[in-house]
Amino acid sequence: MSTPETREQWQEMALTLTIQGQAFIQGRYQPAVSGKTFDCFSPIDGRLLAQVASCDQDDADLAVSVARQAFESGVWSRMAPAKRKQVLLKFAELVLEHRNELALLETLDMGKPINHALRGDIPATARAISWTAEAIDKVYDELAPTAHNQIGMITREPIGVVAAIVPWNFPLIMAAWKLAPALATGNSVILKPSEKSPLSALRLAALATEAGIPEGVFNVLPGYGHTVGKALALHMDVDCLVFTGSTGVAKQLMVYAGQSNMKRVWLEAGGKSPNIVFADAPDLDKAAAEAASAIAYNQGEVCTAGSRLLVEASIKDEFVSRVIAALKRWQPGHPLDPQTRCGAIVDHDQLQRILSYIDSGQQEGATLAQGGKQVLPETGGFYVEPTVFDNVHNEMKIAAEEIFGPVLSVISFNTPEEAVRIANDTIFGLAAAVWTSDINKAHKTAKALRAGSVWINHYDGGDMTAPFGGFKQSGNGRDKSLHAFDKYTELKATWIELA
Ligand code: NAD
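Residues numbered from 1 in each chain as written. Predicted model: local features only at pLDDT ≥ 70, side-chain atom pairs only at ≥ 80, totals over all residues. Heavy atoms only, no water.

The name that an unreviewed UniProt entry assigns to the chain is Aldehyde dehydrogenase PuuC, with the source organism given as Nitrincola nitratireducens. Its UniProt record gives the chain a comment under Sequence similarities (unreviewed entry), which states: "Belongs to the aldehyde dehydrogenase family." (UniProt positions renumbered as here; feature names shortened; annotations may be inferred.)

Written out as structure tokens, the structure is:
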């Protein structure tokens, strides 16, 4: 398998790509029960990519019953962990083997640069599956410290049928963070990808089956949130709902769970992460380069985007100039060009949302220091310049609300206490970064920050060993690491009295 090296080669490959748009239930592709489809367009140039099954309540009912039967049969749920591991390792291998195709689907469908899809998303997806698989035959249950004539067994059991509803910004990685631990612990899974990026998840399903995941254990239902998403969230026979997406939808899912069967609900939601740069940061050029990538990588469509740049007042002007210089390398380009670092915005609605926030920043009196405009409209796709607002106050809309685009708000501060107060003055608590050479200041600030991930002297660190998730309205529960297993298992205490 040789990897295309130029935009033309990728475009050629795109022309011959077979795109699967049907739902995947019981180990095979099939149309929605209603026969309905929706059009899936590429944000790169507005081209129609596929007609995708528009699943709804009937498909949810079918997939849940199939998933339940598979679970009850024990074909996967009672398989020895070491055997599940083998199948999942094979699955991870197949993801890597098909890396060109999967990366291309990801780029065509949601607009990210091909090089990032190929070198970031696909290996991270495979890694999430293989790391989790490797762990599953190494975690033990517990025995309670009982009296001599008793045995207290504390065991974990798969929860049953898991529905995973995921967003469009990292379609495969977000899916893998859920389905890897869900499958590894023996559950049956129904994955609902975003209607804006359903294609790679549909391809993934066939690879899972090829790897040996039994029929009915892994199903994919494409469709809209308010139809099939809602049907799964309200379903009386779904035991666990895991979600990554916006805080608004996350709250709605908690209501659905309460209105139905009190299914477990685990939520990874929005963010407005502060990136705090003190005047004594060890390397201001590195800090500026990472502040730029923190807002421009994946077109700023990242839950942990460093969208609030808090800079100590004494270096603010100079630092902002360095960030603006670093952003020159992030001008939007054709996503299939391997040199491109900033691709297309996922769709027209998201582009309009970003432009309306840029408008609001100007209305509220922030200084537009860089960017601010839609570019490349002649392509038929959706592109926006990385944008920097200086002199922002934390109360402004552009500082308070998640934009999910490459729009940076710069806020200055004078003391560490003030930096922490501004950083924590948000409904979100997903991530934060601190740049300083002072170890005491670094630790004291990190401890004071109300966020699930804190990075010191870099932005967006961590791997599969580190749990990922949010404080406050950024969610509950954690993806990645052994902590992820907690979401997909029920804890059972079996108490034995010895006669
Ligand atoms: P979204 O909330 O609009 O949609 C996410 C998923 O929920 C989609 O599959 C959608 O179809 C579905 N959905 C929508 N309404 C629903 C309903 N009523 N019932 C059931 N399902 C429904 O989010 P998005 O626009 O796809 O993604 C962007 C959001 O995701 C941002 O807020 C971002 O911060 C968040 N995100 C969070 C993390 C994290 O780990 N915390 C990671 C990536 C993205």
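Turning our eyes to something else, we now look at the packing of aromatic side chains. Enumeration over the complete set of coordinates arrives at 6 aromatic pairs. With 4.9 Å between their ring centres and 70° between their planes, F24 and Y29 make a pair best called edge-to-face. Measuring from centroid to centroid gives 5.3 Å for F278 and F413, while their planes differ by 80°, and the two rings are edge-to-face. Linking F278 in the loop between β12 (274-277) and α10 (284-296) with F413 in strand β18 (residues 407-413), this pair joins segments that are 135 residues apart in sequence. What makes F413 buried here is its relative accessible area of 0%. (Phe/Tyr/Trp six-rings, centres within 6.5 Å; stacked < 30°, edge-to-face > 60°. Helix = DSSP H or I, 4+ residues; strand = E, 2+ residues; numbered from the N terminus. Buried < 20%, exposed > 50% of the residue type's maximum accessible area, 1.4 Å probe, protein only.)

Close contact between helix α6 (residues 171-184) and helix α7 (residues 199-211) brings their axes to 9 Å; oriented N to C, the two are set at 45°. If you check the angle between α6 and α7, you find them oblique. In this structure, α6 crosses over α7, and the sense of that crossing is right-handed. When α6 is examined against α7, the residues P171, L172 and L179 are found in contact with a partner set consisting of S200, A201 and L204. (Axes fitted to C-alpha atoms, helices over the stretch in contact; angles between N-to-C directions. Parallel < 35°, antiparallel > 145°, perpendicular 65-115°, else oblique. Left-handed = near helix turned anticlockwise from the far one by under 90°. Contact = heavy atoms within 4.5 Å.)

Surrounding the ligand, one finds 28 residues, the nearest of these being V166, E195, S246, A269 and E402. Within the contact set of the ligand, an oxygen atom lies 2.8 Å away from a side-chain nitrogen or oxygen of W168. Between the ligand and E195, the relevant distance is 2.7 Å, taken from an oxygen atom to a side-chain nitrogen or oxygen of the residue. Compared with its free state, where it exposes 850 Å², the ligand has 89% of that area covered by protein. If you list the elements that add at least two residues to the shell around the ligand, you get α8 (225-233), β10 (240-244) and α9 (247-259). Of the residues that constitute the shell around the ligand, the class distribution is 15 nonpolar, 8 polar and 5 charged. (Near = heavy atom within 4 Å. Polar contact = N/O pair within 3.5 Å; in protein donor to acceptor, adjacent residues only side chain to side chain. Areas by Shrake-Rupley, 256 points an atom, 1.4 Å probe, with all protein chains shown as cover. Nonpolar A, V, L, I, M, F, W, Y, C, P; charged D, E, K, R; others polar.)

With antiparallel pairing, the 3 strands of this open sheet are ordered in space as β5-β6-β21. This sheet does not close on itself; its edge strands, each paired only once, are β5 (142-143) and β21 (489-497). (Pairing = 2+ DSSP bridges.)

Read across the sheet, 7 strands follow the order β14-β17-β18-β13-β12-β19-β20 without closing on themselves; strand pairing throughout is mixed. Only two strands of the sheet have a single neighbouring strand rather than two, namely β14 (367-370) and β20 (453-456). With strand direction ignored, the average angle separating the axes of adjacent strands in the sheet is 25°. Sheet topology note: the strand β19 (residues 431-435)/β20 ladder contains 4 bridges and is parallel. Paired with A432 across the two strands is V454, which belongs to β20. In the packing of α10 onto the sheet, contacts are made with β12, β13 (308-312), β18 and β19, and the angle to β19 comes to roughly 165°.

This next bit is on the UniProt feature "domain: Aldehyde dehydrogenase" (unreviewed entry) in the chain. In the numbering used here, UniProt assigns the "domain: Aldehyde dehydrogenase" (unreviewed entry) feature to residues 34-493. Taken end to end, residues 34-493 has its terminal C-alpha atoms 44 Å apart, with 40% of it in helix and 19% in strand.

Here we come to the environment of M254. Inspection of the secondary structure puts M254 in helix α9. For M254, a relative accessible area of 48% corresponds to the partly exposed category. Put simply, M254 and E318 are 64 residues apart on the chain and 45 Å apart in space, counted from C-alpha to C-alpha.

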